[in-house]
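What follows is each chain in one-letter form.
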Amino acid sequence: MAFAPDLTETLARARADLRMGVPVVLAGAEAAVLVMAVETLGPARLTAIRALGEVDLVLTGRRAETLKARAYDGDVARVMLPETADLAWVRGIADPADDLAHPMKGPLRTRREGDAALHRLALTLCKSARLLPAALVAGLPDPQGFAAASGLITLDPAAAADLLSAEPHLQRVVSAQVPLRAAERARLHVFRPGDGSEEHYAIEIGRPDRAAPVLARLHSACFTGDLLGSLKCDCGPQLNAALAQMGQEGQGVLLYLNQEGRGIGLANKMRAYALQDQGFDTVEANHRLGFEDDERDFRLGAQILREMGFGTVRLLTNNPAKIAMMEKCGVRVGERVPLKVGETPQNARYLAVKAEKSGHLF
């Protein structure tokens, strides 16, 4: 039927369902499971999923390491849900907010046998929905009948995994002149991904020659730094300094990528900030939440640059990972232009950790 949603549309609906606390079904050729995001889990659905039989509380290897739980699958730990576990216990395992106040959370028994591919995909779905990477997973003997009776979204695991790992296709939606303080001759280009996720923007200063290296910056959205003037990071000063330099040179392109908090979303970024208040650094906080050091996808920036006709850039960055990804995606970095601004007493440790643990160049 022409009106039936395709895989991309179904995946977008699955993300929305997980954010609202609605389960989704992953049904492959050999196995099928019901997936619930722990962050949006309610007591009634916890009771309902337990009625299905054995339930695993699935965590990333990073979160499992914090909890001293064995991750037999490397990047995934399948914690067997105890019979006595209530909603507070489940959320306490998934969310590190009270780890220091209540450090004794085990012993946790983790599953060793069986394939963890569907459990790994469950965590990927939670991450893509900007939720905590923690899910309840239960097996389904009759997935099609269950999904039909319950009205739940059903995803083919192999196709969904391929789509989630693929580079999103961005389509230019509109371009218009937007005079800026840093440069009156400026245009804003809006790019929309086909998977229903956040839009991304390109701010073009002047009319750069597409045949020459263009001064460019990949800037990840930072609500606290860019809009509120937070002193905990250097994002706002970097944004303004990059635009100012492009304005002085009369040309450039700044990509504003909606990948808040190194790709984990604003809510999880605030969770990381709360952990930093407890004494953990940026990387440690991300790991305790179950995330990697950096979850951003810089392929998006390369795609926008190519779409705009730029093949070589002078990249304003202190991050070698951005340079490596540009080169890998076919955008040559002819020069790295350092961008050292915005250091404050409040972000000195943050900047030091970026250099020591993430390899940033200062």
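See the structure shown above.
Attention now moves to the overall build of the protein. Looking only at helices and strands, the protein features 15 helices and 13 strands. Over its C-alpha atoms, taken along the principal directions, the protein stretches across nearly 65 × 55 × 30 Å. Burial statistics for the protein: of 362 residues in total, 49% are counted as buried. For the protein, the exposed surface amounts to about 16,800 Å²; the carbon and sulfur share of it is 53%. Computed over 43 positive and 44 negative side-chain charges, the separation of the two mean positions in the protein equals 4 Å.

What follows covers the packing of helix 1 (residues 7–20) against helix 7 (residues 157–165). Direction vectors running N to C along helix 1 and helix 7 enclose 85°, while the axes themselves pass 11 Å from each other. When the axis of helix 1 is compared with that of helix 7, the two are roughly perpendicular. Every residue of helix 7 that contacts helix 1 at Leu 7, Thr 8, Leu 11 and Arg 15 is listed here: Ala 159, Ala 160, Leu 163 and Leu 164.

Secondary-structure assignment places Glu 30 in the loop between strand 1 (24–27) and strand 2 (32–37). For the pair formed by Glu 30 and Ala 302, sequence separation is 272 residues and the distance between their alpha carbons is 37 Å.

Strand order in the open sheet made by the 6 strands is 4-3-5-2-1-6, with mixed pairing throughout. Two strands bound the open sheet, and with one partner strand each, they are strand 4 (76–80) and strand 6 (154–155). Pairing between strand 3 (residues 55–60) and strand 4: 5 bridges, direction antiparallel. By the bridge assignment for strand 4, Leu 57 is matched with Val 79. Strand contacts of helix 2 (residues 43–50): strand 2, strand 3 and strand 5 (134–139), with the helix running at about 35° to strand 5, the strand carrying the most contacts.

For the rest of this paragraph, the subject is the sheet that holds strand 7 (residues 170–177). Judged by pairing direction, the sheet is mixed, and its 7 strands sit side by side in the order 7-8-9-11-10-12-13 without closing on themselves. Because the sheet does not close on itself, it has two edges, and the strands there are strand 7 and strand 13 (332–337). Ignoring which end each strand starts from, the neighbouring axes of this sheet average 25° apart. Examined bridge by bridge, strand 8 (residues 186–193) and strand 9 (residues 200–205) share 6 bridges and lie antiparallel to one another.

What counts, and where the lines are drawn
- Residues numbered from 1 in each chain as written.
- Predicted model: local features only at pLDDT ≥ 70, side-chain atom pairs only at ≥ 80, totals over all residues.
- Heavy atoms only, no water.
- Helix = DSSP H or I, 4+ residues; strand = E, 2+ residues; numbered from the N terminus.
- Buried < 20%, exposed > 50% of the residue type's maximum accessible area, 1.4 Å probe, protein only.
- Areas by Shrake-Rupley, 256 points an atom, 1.4 Å probe, with all protein chains shown as cover.
- Lys, Arg positive; Asp, Glu negative; His and termini not counted.
- Charge placed at Lys NZ, Arg CZ, Asp CG, Glu CD.
- Axes fitted to C-alpha atoms, helices over the stretch in contact; angles between N-to-C directions.
- Parallel < 35°, antiparallel > 145°, perpendicular 65-115°, else oblique.
- Contact = heavy atoms within 4.5 Å.
- Pairing = 2+ DSSP bridges.

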